[in-house]
Amino acid sequence: PPLPMSPILLDLVGHMRWADTIVADALASTPRQADRTKVADPVSVFAHVAATEHLWYSRIRGTPTELAVWPELSVAESRAIAVRHADLFDEIVAGGGDVLDQIVSYRNSAGRDFRNSVRDIVVHVKMHGSYHRGQIARLVRASGGEPPYTDYIQYKRLDQV
């Protein structure tokens, strides 16, 4: 039988936390190139991932965001934001069905109004981070580095290593 949604979402948030941590570890030891645009700089992309986790949490709570969507942050600052928001998303998901079924009304960066469930937002935040961690891996490899392996299955194998 299928698992209830909360354990699955908790697992996905756990993967998000783990993947953000190993990306931060890898980027902390990678020299930053000042001449790159934000979307071509892995540190800036990681800052975007962390800021987006904050943005969506703020939308869920109905509070103003404290960060730009593409902020200027160090790896350490992005790591701290990502860790804090993994904890906050864990708390939300642990609240279960009633919390996850709540509808959040928000305005996107283009000024359009939308409504989505907390459950859909949690899944989006997780998938958004995975998408951008793939970009980070490509950028690190293109600059001669070895990107961290952040696939979900690697996270699930941690107890087997």
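What this report covers is the structure whose coordinates are included nearby. (Residues numbered from 1 in each chain as written. Predicted model: local features only at pLDDT ≥ 70, side-chain atom pairs only at ≥ 80, totals over all residues. Heavy atoms only, no water.)

## Side note on the nonpolar core
When a protein is soluble and globular, its nonpolar side chains tend to lie buried together.
Link 1 in the chain: Within the largest apolar cluster, 19 residues are counted, with the highest numbers of intra-cluster contacts made by W56, I60, F89, I92, V118 and V122.
Link 2 in the chain: Listed by contribution, the elements that provide at least two residues to this core are α1 (5-28), α2 (42-61), α3 (75-94), β1 (103-107) and α5 (118-142).
Link 3 in the chain: Examining the composition of this core, we find that 5 residues originate from one element, α3, more than from any other.
Link 4 in the chain: Residues contacting F89, with those up to four places away along its chain left out, are V13, M16, E53, W56, Y57, I60, V122 and V125. (Core = buried A, V, L, I, M, F, W, Y, C linked by side-chain atoms within 4.5 Å. Buried < 20%, exposed > 50% of the residue type's maximum accessible area, 1.4 Å probe, protein only. Helix = DSSP H or I, 4+ residues; strand = E, 2+ residues; numbered from the N terminus. Contact = heavy atoms within 4.5 Å.)

## Overview of the pairing of β1
Link 1 in the chain: What you see with β1 is a clean split: V104 and Y106 sit on the buried side and I103, S105 and R107 on the side with no burial.
Link 2 in the chain: Looking at chain direction, β1 and strand β2 (residues 113-117) are connected through 5 bridges and run antiparallel. Its bridge partner being in β2, R107 is matched across the sheet by D113. (Pairing = 2+ DSSP bridges.)

## With respect to the packing of aromatic side chains
Link 1 in the chain: All chains considered together, the criterion is met by 5 aromatic pairs.
Link 2 in the chain: Between Y57 and F89, the ring centres sit 6.0 Å apart and the planes meet at 75°, which makes this aromatic pair edge-to-face. Placement of the pair is Y57 in helix α2 and F89 in helix α3, with a sequence separation of 32 residues.
Link 3 in the chain: Ring centres of Y152 and Y155 lie 6.2 Å apart, and the angle between their planes is 45°; this geometry places the pair in the tilted category. Of this pair, Y152 and Y155 both sit in helix α6 (residues 152-156), separated by 3 residues, roughly a single helical turn.
Link 4 in the chain: Here a set of aromatic residues connected by ring pairs shows up, and it is made of W18, Y152 and Y155.
Link 5 in the chain: When the ring centre of W56 is taken as origin, the NZ or CZ atom of R59, which lies over that ring, is 4.4 Å away. (Phe/Tyr/Trp six-rings, centres within 6.5 Å; stacked < 30°, edge-to-face > 60°. Lys NZ or Arg CZ within 6 Å of the ring centre and 35° of its normal.)

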